[in-house]
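This is what each chain is made of:
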Amino acid sequence: MKHEITLKVNNDTYSLAIDPWRTLNDVLREDLNLTGTKLGCGSGDCGACTVIVDGRSISSCLTLAVEMDQKKIMTIEGLAPSGEELHPIQESFVEKGAIQCGFCTPGMELSAYNLLSQNPHPSEKEIRESLSGNLCRCTGYNKIVEAIAESADKMKPKKKKGRKK
Amino acid sequence: MTLSRFDLFSPERLDEAVALLKEKGKDTFVMAGGTDLLIKRRHQVIHPRTIVSLKKISGLNRISFRSGKGLTIGATALLGDVARHRTVLRIYPAIAKAAGNTANVQIRNMGTVVGNLCNASPAADNAPALLAMNAALNIVGPQGKRVLPLEDFFLGPGFTALQPAEIVTSVFVPMPLSGSGATYLHLSARGRIDCSAASTGVALTLKGPRIDKLRIFIGACGPTPLRMPKTEKILINQKLTKTLAVRAGLQASKESKPISDVRANEDYRSKMVAVLVRRAILEANKLARDNK
Ligand SMILES: Cc1cc2nc3c(=O)[nH]c(=O)nc-3n(C[C@H](O)[C@H](O)[C@H](O)COP(=O)(O)OP(=O)(O)OC[C@H]3O[C@@H](n4cnc5c(N)ncnc54)[C@H](O)[C@@H]3O)c2cc1C
Ligand code: FES
Ligand code: FES
């Protein structure tokens, strides 16, 4: 039996009737046409399917869509909401050459987003640990780690300059 | 063959969940995070017709601590939340470490400690430390509630002492005594992200300089996590020295029953058990001394 659910994806609200065995990954890609979220292994190993749900990164390939009813979901399409200006994480990935084929990139960037929202000043070790659930076959990771470190610097809350007059 | 299609129920009360499990019978599964269950379906190891999700049952995700009593980790408490929990980090560091070393970031944001136990993999990362610390499971089923020592829970790979329609509601860990220490150590081929090739949980209590109480468990080296009684016997009532720790490690290696599989071969596992047990005992002993 299909379930009537409401998904809140990147500030858009969708009402859908969904079979219980379909994953969030299926529904994002096939029903909502949000194909920035990739499907790699389908078994939790590669992180290509990473999305943010209620502020935390999860694997959409192992998540039943029906269980996401009423939850706030962010996909890679929501990282740069204007669609023109890139998010600082995306900017750094481009600048540092952290993207080759690009298949892992949406997942990598959302894992970076997950890390930086909990820990704005991560060490290199913490950055590497935060990518434990994301595989990349192209870059060798170093550029990705550098890009995340750079975006952390960019996103640092600006120190208030002394305004004493 | 196509993957099984199932009905999904998300009851808000435990008794409803138990009733559903009983009513639906065969090919009905409980689901917490689904990180094991949905993969077993995908690999067609199971063919669920009905899945009963525990996530909407209120209070089941609680992690609570009562001084003098102990720690209760609810069935839907996430691995990531247990790993980061302040009290767990302070009073039960071995348990926080085991949870934080399970899988990867995303899976820890989905999977649960209790699900890790119920899945009953011999390599379950959360089992050895909880076993060493004498944890017990709170279980509810058609016959009502019961408490089962975790030590009596694992029967074989994927098999537990759960009866049909029973649900584990939480795992309880007694408050560690003063003068006690517990450790979890594990090894895996790809650092911390894949399942352990060998692991150990050790908990001990000192009386003066001597080991008064001791529990040693090994993971991933037999059909279930295994207790090491002969190894414990070498150590009990003794003052720990490096030489004694080495001897205990070698005994544990004899006592464990490793197999060869994709993660490691038998020979490597036996050798690593000796190393892990030696280190874990020394570490637990040090923690116990500092905790007086
Ligand atoms: C990429 C990846 C990496 C992994 N790495 C590790 C690792 O390093 N170490 C490790 O130990 N595990 C690992 N796992 C396995 C898995 O993530 C863990 O075992 C996890 O803790 C399972 O919890 P869950 O809530 O997702 O369980 P579920 O999948 O929901 O359930 C697991 C099983 O237990 C049963 N069950 C669950 N909860 C209850 C309950 N309350 N009462 C009765 N039965 C119940 C279910 O019916 C099912 O059979 C990994 C998995 C993936 C996908
Ligand atoms: S596709 Fe989900 S983790 Fe690989
Ligand atoms: S850029 Fe190709 S997989 Fe990472």
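Residues numbered from 1 in each chain as written. Chains lettered and ligands numbered in written order. Predicted model: local features only at pLDDT ≥ 70, side-chain atom pairs only at ≥ 80, totals over all residues. Heavy atoms only, no water.

## Re the site of ligand 1
In the vicinity of ligand 1, 36 residues are found, and the nearest of them are B:Val30, B:Gly33, B:Thr35, B:Asp36 and B:Thr112. One finds residues of chains A and B in close proximity to ligand 1. At a separation of 2.6 Å, an oxygen atom of ligand 1 approaches a polar side-chain atom of B:Thr35. Taken by itself ligand 1 offers 980 Å² of open surface, and the protein chains cover 93% of this. Mapped onto the shell around ligand 1, the elements with two or more residues apiece are β2 (28-31), α2 (37-42), α7 (113-119) and β10 (167-174) of chain B. Top contributing element to the shell around ligand 1 by residue count: α7(B), with five residues. Residues of the shell around ligand 1, tallied by class, amount to 20 nonpolar, eleven polar and five charged. (Near = heavy atom within 4 Å. Polar contact = N/O pair within 3.5 Å; in protein donor to acceptor, adjacent residues only side chain to side chain. Areas by Shrake-Rupley, 256 points an atom, 1.4 Å probe, with all protein chains shown as cover. Helix = DSSP H or I, 4+ residues; strand = E, 2+ residues; numbered from the N terminus. Nonpolar A, V, L, I, M, F, W, Y, C, P; charged D, E, K, R; others polar.)

## Some points on the sheet that holds strand β4 (residues 56-59) of chain A
Residue and element names in this part refer to chain A. Read across the sheet, five strands follow the order β2-β1-β5-β3-β4 without closing on themselves; strand pairing throughout is mixed. Of all the strands in the sheet, the pair left with one neighbour each is β2 (12-18) and β4. Strand-to-strand twist in this sheet, taken as the mean axis angle between neighbours without regard to direction, amounts to 40°. The pairing of strand β3 (residues 50-53) with β4 spans four bridges and is classified as antiparallel. Bridge assignment links Val-53 to a residue of β4, and that residue is Arg-56. Contacts between helix α3 (residues 105-118) and the sheet are confined to β3, β4 and β5 (72-74), with β3 contributing the most and set at about 35° to the helix. (Pairing = 2+ DSSP bridges. Axes fitted to C-alpha atoms, helices over the stretch in contact; angles between N-to-C directions. Contact = heavy atoms within 4.5 Å.)

## Describing the interface of chain A and chain B
Taken residue by residue, the interface counts 28 residues in chain A and 26 residues in chain B. Approximately 2,300 Å² of surface area, both sides summed, lies buried where chain A meets chain B, with 53% of it carried by carbon and sulfur atoms. On the chain A side of the contact with chain B, A:Trp21, A:Arg56 and A:Leu62 bury the most area, a combined 31% of that side's loss. Counting across the chain A and chain B interface gives two salt bridges. Where chain A packs against chain B, one counts 13 residue pairs in polar contact (both at pLDDT 80 or more). For the side of chain A that touches chain B, the elements supplying multiple residues, two or more each, are β4, α3 and α4 (124-130) of chain A. Element by element, the count of residues in the side of chain A that touches chain B is highest for β4(A), at four residues. (Buried area = accessible area lost by both parts, 1.4 Å probe. Salt bridge = Lys/Arg side-chain N within 4 Å of Asp/Glu carboxyl O.)

## Details of the domain arrangement of chain A
Residues and elements named next belong to chain A. When the domains of chain A are assigned, the result is domain 1 (3-78) and domain 2 (88-155). Domain 1 and domain 2 are separated by 21 Å when their C-alpha centres are compared. Taken residue by residue, the interface counts 17 residues in domain 1 and twelve residues in domain 2. Roughly 1,200 Å² of surface becomes buried between domain 1 and domain 2 when both sides are summed, with 64% attributable to carbon and sulfur atoms. The interface formed by domain 1 and domain 2 contains zero salt bridges. Taken together, domain 1 and domain 2 are joined by four residue pairs in polar contact (both at pLDDT 80 or more). Put simply, the parts of the chain that give the side of domain 1 that touches domain 2 at least two residues each are β3 and β4. (Domains from an automatic or database assignment.)

## What about the domain arrangement of chain B?
Residues and elements named next belong to chain B. For chain B, the assigned domains read domain 1 (7-53), domain 2 (63-174) and domain 3 (180-290). Here the C-alpha centroids of domain 1 and domain 2 sit 19 Å apart. The interface of domain 1 with domain 2 comprises eleven residues on the first partner and 14 residues on the second. In total, domain 1 and domain 2 occlude about 940 Å² of area from one another, counting both sides; carbon and sulfur atoms represent 76% of this. For the interface between domain 1 and domain 2, the tally reads zero salt bridges. The interface formed by domain 1 and domain 2 includes two residue pairs in polar contact (both at pLDDT 80 or more). Counting residues per element, the side of domain 1 that touches domain 2 draws most heavily on helix α1 (residues 14-24), which supplies five residues. A class-by-class count of the residues in the side of domain 1 that touches domain 2 yields six nonpolar, two polar and three charged.

## Considering the nonpolar core
Ranked by size, the top nonpolar core spans 53 residues in total, and within it B:Val82, B:Ile95, B:Leu130, B:Leu150 and B:Val171 carry the most contacts. A:Leu32, A:Val51, A:Ile73 and B:Ile46 belong to the second largest nonpolar core, which has 33 residues in total. (Core = buried A, V, L, I, M, F, W, Y, C linked by side-chain atoms within 4.5 Å. Buried < 20%, exposed > 50% of the residue type's maximum accessible area, 1.4 Å probe, protein only.)

## Topic: the packing of α3(A) against helix α5 (residues 142-155) of chain A
Residue and element names in this part refer to chain A. Put simply, α3 and α5 touch, their axes get as near as 11 Å, and they point 45° apart. By the criterion of interaxial angle, the relationship of α3 to α5 is oblique. Taken as a pair, α3 and α5 cross one another with a handedness that is right-handed. Taken together, the residues of α5 that come into contact with α3 (itself represented by Met-108, Ala-112, Leu-115 and Leu-116) are Ile-144, Ile-148, Ser-151, Ala-152 and Met-155. Of the residues belonging to the contact of α3 with α5, the class tally is eight nonpolar, one polar and no charged. (Parallel < 35°, antiparallel > 145°, perpendicular 65-115°, else oblique. Left-handed = near helix turned anticlockwise from the far one by under 90°.)

## Considerations on the packing of aromatic side chains
Residue and element names in this part refer to chain B. Counted according to the given criterion, the structure contains two aromatic pairs over all chains. A centroid spacing of 5.4 Å and a plane angle of 70° characterise the contact between Phe-153 and Phe-154, whose relative ring orientation is edge-to-face. An identical accessibility class is assigned to Phe-153 and Phe-154; each is buried. (Phe/Tyr/Trp six-rings, centres within 6.5 Å; stacked < 30°, edge-to-face > 60°.)

## Some remarks on the pairing of strand β5 (residues 70-74) of chain B
All names here are of chain B. Burial analysis of β5 places four of its five residues in the buried class, which makes it a mostly covered element. Where strand β4 (residues 63-66) and β5 come together, four bridges link them in antiparallel fashion. If you follow Ile-63 over to β5, its bridge partner there is Ile-73. Counting the residues in the hairpin turn of β4 and β5 gives three residues, including Gly-68, whose phi is positive at 85°.

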